[in-house]
Amino acid sequence: MLFMRRSHSVLPGFGLALGFTLAYLSLLVLIPLSAAFARTFTISWEAFLAHVTAPRVVASLQLSFGAALAAAAVNAVFGLLVAWVLVRYRFPGRRVVDALVDLPFALPTAVAGIALTAIYAGNGWLGEPLLALTGVKVAFTPLGVFVALTFIGLPFVVRTVQPVLEDLEKELEEAAQSLGATPAQTFSRVILPTVMPALLTGFALAFARAVGEYGSVIFIAGNMPLVSEIAPLIIIAKLEQYDYAGATSVAVVMLVASFLLLLLVNLLQWWSRRYAENRD
Amino acid sequence: MASIASSAPLVRATARRRPVAWVPIVLVGVALAYLSLFLFVPLFAVFFEALRKGWGVYLAAIREPDAWSAVKLTLLAAAIAVPLNLVFGVAAAWAIAKFDFGGKSLLITLIDLPFSVSPVISGLIYVLMFGLQGWFGPWLAEHELKVVFAVPGIVLATVFVTFPFVARELIPLMQAQGREEEEAAVLLGANAWQLLWRVTLPNVKWGLLYGVILCNARAMGEFGAVSVVSGHVRGYTNTLPLHIEILYNEYNFAAAFACASLLALLALVTLVLKTAVESRQAREQRP
Amino acid sequence: MSIQVAGVSKHFGAFEALHDVSLEIAPGELVALLGPSGSGKTTLLRVIAGLEVPDAGRILFNGDDATDRRVQEREVGFVFQHYALFRHMTIFENVAFGLRVRPRALRPGEPEIARRVLRLLKLVQLDWLADRYPHQLSGGQRQRIALARALAIEPKVLLLDEPFGALDAKVRKELRRWLRRLHDEIHLTSVFVTHDQEEALEVADRVVVVNKGRIEQVGTPEEVYDHPATPFVYEFLGNVNVIESEGGRDYVRPHEIEVTAGPQSGSLAALVDHAVKIGPVVRLEVSRRDTGENLEVELPRDRFDRLGVETGAVVWLRPRRSRFFPQSAPHEAKIA
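Residues numbered from 1 in each chain as written. Chains lettered and ligands numbered in written order. Predicted model: local features only at pLDDT ≥ 70, side-chain atom pairs only at ≥ 80, totals over all residues. Heavy atoms only, no water.

Focus on the overall build of chain B
And step 1. The secondary structure content of chain B amounts to 15 helices and one strand.
And step 2. Expected size for 287 residues packed as a compact globule is a radius of gyration near 19 Å; at 24 Å, chain B overshoots this value by more than 25%.
And step 3. Among the 287 residues that make up chain B, the fraction classed as buried is 57%.
And step 4. Restricting the contact set of chain B to residue pairs at least 6 apart, pairs at least 24 apart contribute 71%.
And step 5. Taken as a whole, chain B presents about 11600 Å² of accessible surface, with 67% of it coming from carbon and sulfur.
And step 6. Chain B carries 21 positive and 17 negative side-chain charges, and their two centres are separated by 13 Å. (Helix = DSSP H or I, 4+ residues; strand = E, 2+ residues; numbered from the N terminus. Rg over C-alpha atoms; globule rule 2.2 N^0.38 Å. Buried < 20%, exposed > 50% of the residue type's maximum accessible area, 1.4 Å probe, protein only. Contact = heavy atoms within 4.5 Å. Areas by Shrake-Rupley, 256 points an atom, 1.4 Å probe, with all protein chains shown as cover. Lys, Arg positive; Asp, Glu negative; His and termini not counted. Charge placed at Lys NZ, Arg CZ, Asp CG, Glu CD.)

The following block contains the structure:
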């Protein structure tokens with residue numbers, strides 16, 4: 001019964017609207033995406049394995065996934081903090097800060113990339129003191145990749161957690177306090193469990209976005225093979241050498257990972273919906 | 001920071017026992033420091049670097065012919081991608097929100113798919129379809145048509161990466177509004193066209209505008225997907241973000257940041273419009 | 001215009017919303033469809049309006065088959081429970097909508113539209129709100145605007161889905177009396193859905209009691225209240241004592257039990273557990289001495305005072321009226 005109408009409706013245009021939706025979706029998204037998968041079937045299994053287990057490819061996948069995971073984790077912690085501060089405290093410029101949280105959604109990634117490079121380079125505003133004080137280099141190292149991915153993923157956790165915190169009844173906290181809970185206990189036992197589904201959803205969204213990110217990373221990463229080269233860059237490098245089979249193999253690995261993440265996000269959202277319904 | 005007024009009972013309750021008014025100050029301070037490191041300083045840096053060598057250099061970089069053709073191509077790609085995805089978004093939201101049919105949640109997931117695909121892969125799939133070694137490559141070459149490394153490829157990649165924006169904004173909004181107003185209109189004699197223009201679209205106008213603003217921002221700023229299909233031909237297949245990359249890689253930092261400042265301005269305008277639309281929407285959605 | 005519902009059935013997936021429902025509504029009548037939520041009453045209303053297509057059966061308007069007629073052409077006025085006013089239009093534009101969407105040849109001119117809209121707004125006594133938007137109005141005002149909008153297309157039938165459901169108790173009462181008076185003025189064949197028995201009994205000419213997709217009883221308010229045809233109608237309309245007896249159950253209303261201090265022929269003894277004074281009436285909670293069964297009795301305050309009994313006293317009860325339903329499927333006791 002896929003895409004079959006379940007019951008009659010007096011509203012017009014179902015066939016036209018759904019037909020156009022499915023056609024447009026198929027032509028622009030589904031068919032091109034399956035083309036990538038179909039391409040891998042023209043490659044032998046051994047060749048596919050050889051492509052994706054080459055040391056440079058493995059290193060790049062490790063970097064993309066590792067840095068994305070670290071960035072998403074940092075964003076989970078600080079995103080929760082930012083959401084809390086925006087919901088609970090009134091301070092000058094709060095509305096401006098609130099609006100600017102979405103900057104990574106609106107700012108083109110290339111602009112973010114060169115801006116982050118400029119300030120985190122060895123002679124940059126933040127890079128220079130950091131290097132002098134701790135000896136840590138940010139730009140042109142894996143740490144730079146992490147910084148760019150943190151920027152890109154910043155709004156996700158804030159924007160998924162914020163509405164949940166806004167809905168959180170004050171009574172819950174007050175009840176916990178009246179029962180003798182300390183602020184720390186109130187946070188860990190009452191607030192955190194309530195926002196957990198949203199927090200995990202935001203984490204997964206930030207992670208998924210960061211894994212495939214390209215524009216903001218390539219300027220700051222330095223792109224040294226085996227050290228600071230990300231997986232999307234490997235795909236581009238292979239394409240430039242007309243190694244379509246190699247590019248497609250890496251792409252398919254990343255696509256499968258993205259689809260699994262998408263599935264995870266859907267499960268998390270289903271979970272949080274059920275959680276919200278159970279509370280009522 | 002003196003005017004921080006805590007409304008959190010968490011803080012108020014403990015304040016009675018011992019003076020901990022510093023808790024909100026510390027939390028706000030840490031949050032702002034974090035946002036500064038990753039958001040505010042980079043944003044400021046764009047404008048600072050752009051104007052570092054003065055207005056003369058800035059204006060020269062923007063007026064340069066290659067920059068102008070990049071701006072024009074960027075506008076063209078957005079001018080095609082945004083209306084297409086707008087029509088798609090309305091059609092998809094109409095079907096999904098106003099009718100019951102099997103596989104609805106699968107369809108919603110598929111519409112969101114482009115968001116979870118790496119931009120580089122979004123470009124790659126069109127190369128695999130229309131490139132010289134792609135499915136339609138030989139046929140296109142025979143007819144002397146060029147999609148990849150040409151303007152059509154850039155438009156296609158832009159449509160792909162901005163595909164879900166309008167639809168995902170409209171679907172929940174129209175689902176929440178239900179079908180009663182449309183049913184009432186039908187009972188009063190309205191036909192399909194009148195229904196769309198007089199009832200449905202006016203009801204979702206702010207959500208629609210919101211989706212269009214975000215869609216446009218992404219269309220004009222897309223880098224990875226466009227980079228793969230562009231071929232980087234100066235003055236011909238360079239969008240503004242790609243032009244910035246070339247300038248940057250040529251160590252022409254002032255010019256790169258000058259062009260970047262245009263896109264950063266666009267981002268700021270986007271955020272202002274978005275905030276304005278959000279507050280309008282919130283006001284109109286009062287029951 | 002008369003409405004005839006002939007053998008209508010409707011399923012939603014596995015759920016049977018309507019089972020072979022037949023009903024006739026005379027021209028100018030005001031009929032209530034009364035039933036608990038999920039009974040199918042709203043579905044029946046939507047089938048009449050053409051918003052739902054029945055799986056089987058026909059809908060006839062004035063004897064003409066309207067089952068396949070498009071909603072736009074049915075000339076049905078429909079008032080939604082949550083009003084469904086167009087939120088982006090002024091009150092005036094909401095009421096004018098049905099006239100404005102007419103084909104050009106049938107569309108009245110602008111002065112005519114303004115005249116008709118203002119006449120309708122006066123009819124619902126809200127002409128001073130013409131320039132407002134729906135969200136600026138109270139619930140009761142919105143409901144009256146929804147009614148004016150439905151009347152603007154000069155419908156042959158008026159259908160109202162829980163018209164007072166979303167309003168608070170005081171406004172509900174005012175509005176339903178107002179609706180009754182309005183109906184007496186315009187005499188439009190009207191059907192409204194409600195789950196509130198008081199509302200149905202007070203407003204309607206005839207009440208149709210619906211349960212589990214079937215019609216339990218059709219009758220005047222007096223008929224359905226005084227002579228319930230089925231145990232369901234007994235229990236749904238007002239309070240009732242259900243007394244187990246041989247081969248079935250007796251149904252007795254609390255106010256139809258005579259209470260005396262001493263025994264009479266056919267009366268039985270009961271212990272007063274509790275006496276609650278609710279304004280002019282007193283509700284006694286008693287238990288039968290022979291079976292221990294709990295019963296409820298209602299009697300006027302002055303009668304109770306004259307009786308002079310307290311908690312723990314023994315009283316004698318005799319039903320003035322009761323009805324026996326044999327132990328069987330409830331629908332076999334149905335009176336068509």
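Next, the rest of the story.
Concerning the nonpolar core
And step 1. A:Val161, A:Leu165, A:Ile235, B:Ile111, C:Val5, C:Phe97 and C:Leu159 are the most contacted members of the largest nonpolar core, which totals 227 residues.
And step 2. Among the elements that take part in this core, helix H4 (residues 65-98) of chain B stands out by supplying 17 residues, more than any other.
And step 3. In this view, C:Val5 contacts C:Val21, C:Ser22, C:Leu23, C:Leu44, C:Ile48, C:Arg58 and C:Ile59; residues no more than four positions away in its chain are not counted.
And step 4. If you look at the next biggest cluster of nonpolar residues, it comprises 47 residues, including C:Ala146, C:Phe164, C:Trp178 and C:Val209. (Core = buried A, V, L, I, M, F, W, Y, C linked by side-chain atoms within 4.5 Å.)

Describing the sheet that holds strand E17 (residues 314-319) of chain C
Residue and element names in this part refer to chain C.
And step 1. Read across the open sheet, the five strands follow the order E13-E17-E14-E15-E16; overall the sheet is antiparallel. At either margin of the open sheet sits one strand with a lone partner, and together these are strand E13 (257-260) and strand E16 (294-300). Adjacent strand axes in the sheet meet at a mean angle of 45°, parallel and antiparallel pairs treated alike.
And step 2. Where E13 and E17 come together, four bridges link them in antiparallel fashion. Residue pairing for E17: glutamate 258 is matched across the bridge by arginine 318. (Pairing = 2+ DSSP bridges. Axes fitted to C-alpha atoms, helices over the stretch in contact; angles between N-to-C directions.)

Topic: the packing of H4(B) against helix H8 (residues 151-161) of chain B
Residue and element names in this part refer to chain B.
And step 1. Packing of H4 against H8 leaves a shortest axis separation of 9 Å and a crossing angle of 45°. Considering their axes alone, H4 and H8 lie oblique with respect to each other. In terms of crossing hand, the pair formed by H4 and H8 is right-handed. Contact with H4, carried on its side by Leu73, Leu76, Ala77, Ile80, Ala81, Leu84 and Asn85, involves Val151, Ile154, Val155, Thr158 and Val159 of H8 and no other residues of that element.
And step 2. In terms of residue class, the contact of H4 with H8 is made up of ten nonpolar, two polar and no charged. (Parallel < 35°, antiparallel > 145°, perpendicular 65-115°, else oblique. Left-handed = near helix turned anticlockwise from the far one by under 90°. Nonpolar A, V, L, I, M, F, W, Y, C, P; charged D, E, K, R; others polar.)

Some points on the sheet that holds strand E18 (residues 323-326) of chain C
Paired through their backbone hydrogen bonds, the strands of a sheet run either parallel or antiparallel.
Residue and element names in this part refer to chain C.
And step 1. Here we have three strands laid out as an open sheet, ordered E11-E12-E18, and antiparallel in their pairing. Both outer strands of the open sheet, strand E11 (241-245) and E18, are each paired with one neighbouring strand and no more. Averaged over neighbouring strand pairs, the angle between their axes works out to 25° when direction is ignored.
And step 2. Of the strand pairs in this sheet, E11 and strand E12 (residues 248-252) are connected by five bridges, and their pairing is antiparallel. In the strand pairing of E12, asparagine 241 is matched with valine 252.

Re the pattern of salt bridges
Side-chain pairs of opposite charge can arise where the charged atoms are in close proximity.
Residues and elements named next belong to chain C.
And step 1. In total, this model carries 43 salt bridges over all chains according to the counting rule given.
And step 2. Of the charged contacts in the structure, one is a salt bridge between glutamate 198 and arginine 176, with a shortest N-O distance of 3.0 Å. Here glutamate 198 is found in helix H6 (residues 197-203), whereas its partner arginine 176 is found in helix H5 (residues 169-186), with 22 residues between them in sequence.
And step 3. Taking relative accessible area as the criterion, glutamate 198 reaches 43% and is therefore assigned partly exposed.
And step 4. For arginine 306, the salt bridge is made with aspartate 302, and the minimal N-O distance between the two is 3.5 Å. Here the residue arginine 306 and the residue aspartate 302 both occupy positions in helix H9 (residues 301-307), the gap between them amounting to four residues, near one helical turn.
And step 5. Residue classification places arginine 306 among the exposed residues on the basis of a relative accessible area of 62%.
And step 6. According to the relative accessible area criterion, aspartate 302 is partly exposed, its value standing at 46%. (Salt bridge = Lys/Arg side-chain N within 4 Å of Asp/Glu carboxyl O.)

Comments concerning the interface of chain B and chain A
And step 1. Taken together, the contact pairs 99 residues of chain B with 95 residues of chain A.
And step 2. Carbon and sulfur atoms make up 79% of the surface buried where chain B meets chain A, a total of about 8700 Å² over both sides.
And step 3. Seen at the junction of chain B and chain A, the total is ten residue pairs in polar contact (both at pLDDT 80 or more).
And step 4. Looking at the side of chain B that touches chain A element by element, the count peaks at 21 residues for helix H2 (residues 22-51) of chain B. (Buried area = accessible area lost by both parts, 1.4 Å probe. Polar contact = N/O pair within 3.5 Å; in protein donor to acceptor, adjacent residues only side chain to side chain.)

Details of the confidence of the model for chain B
Residues and elements named next belong to chain B.
And step 1. Summing up the model confidence of chain B, the mean pLDDT is 86 and the portion of residues at 70 or higher is 92%.
And step 2. Here strand E1 (residues 5-6) stands out as the least confident element of chain B, with mean pLDDT 42; H4 is the most confident, with 93.
And step 3. Scored as a complex, the prediction yields pTM 0.84 and ipTM 0.88. (pLDDT = per-residue confidence, 0-100.)

Quick look at a nonpolar patch on the surface
Residue and element names in this part refer to chain A.
And step 1. Where nonpolar side chains cluster on the molecular surface, the patch consists of Leu200, Val256, Leu260, Leu263, Leu267, Trp270 and Trp271 and spans about 670 Å² of accessible area.
And step 2. Of all the elements, helix H13 (residues 244-279) adds the most residues to the nonpolar patch, at six residues.
And step 3. Position of leucine 260 among the secondary structure elements: in helix H13. (Patch = residues over 30% accessible without salt bridge, like charges linked within 9 Å, V, L, I, M, F, W, Y side chains within 5 Å.)

Examining the packing of aromatic side chains
And step 1. Using the criterion set out here, one finds 34 aromatic pairs over all chains in the structure.
And step 2. Between the aromatic rings of A:Trp125 and B:Phe48, the centroid separation amounts to 4.9 Å while the plane-to-plane angle is 70°, which identifies the pairing as edge-to-face. Pair noted here: A:Trp125 is in the loop between helix H6 (109-120) and helix H7 (127-134) and B:Phe48 is in helix H2, and the two residues belong to different chains.
And step 3. For A:Trp125, a relative accessible area of 34% gives the class partly exposed.
And step 4. A network of ring pairs unites the aromatic residues A:Tyr214, A:Phe219, B:Phe223, B:Tyr248, B:Tyr251 and B:Phe253 as a single cluster.
And step 5. Of note, C:Arg253 hangs over the ring of C:Tyr225, and the distance from its end group to the ring centre comes to 4.4 Å. (Phe/Tyr/Trp six-rings, centres within 6.5 Å; stacked < 30°, edge-to-face > 60°. Lys NZ or Arg CZ within 6 Å of the ring centre and 35° of its normal.)

Considerations on H8(B)
And step 1. Counting buried positions over the eleven residues of H8(B) gives nine, a clear majority of the element.
And step 2. Of the surrounding secondary structure, the elements contacted by the buried residues of H8(B) are helix H1 (14-41) of chain A together with H4, helix H6 (119-130), helix H9 (165-177), helix H12 (205-221) and helix H13 (224-230) of chain B.

Structural notes on unusual backbone geometry
Among all residues except glycine, the phi angle is most often negative; among peptide bonds, the trans geometry is most common.
Residues and elements named next belong to chain C.
And step 1. For asparagine 62, which is not a glycine, the phi torsion comes out positive at approximately 50°.
And step 2. Mapping asparagine 62 onto the fold places it in the loop between strand E4 (56-61) and strand E5 (64-65).
And step 3. Positive phi is not limited to glycine here, since glutamate 162 has a value of about 40°.
And step 4. By secondary structure assignment, the location of glutamate 162 is in the loop between strand E7 (157-161) and H5.
And step 5. Judged by relative accessible area, glutamate 162 falls into the buried class, the value being 6%.

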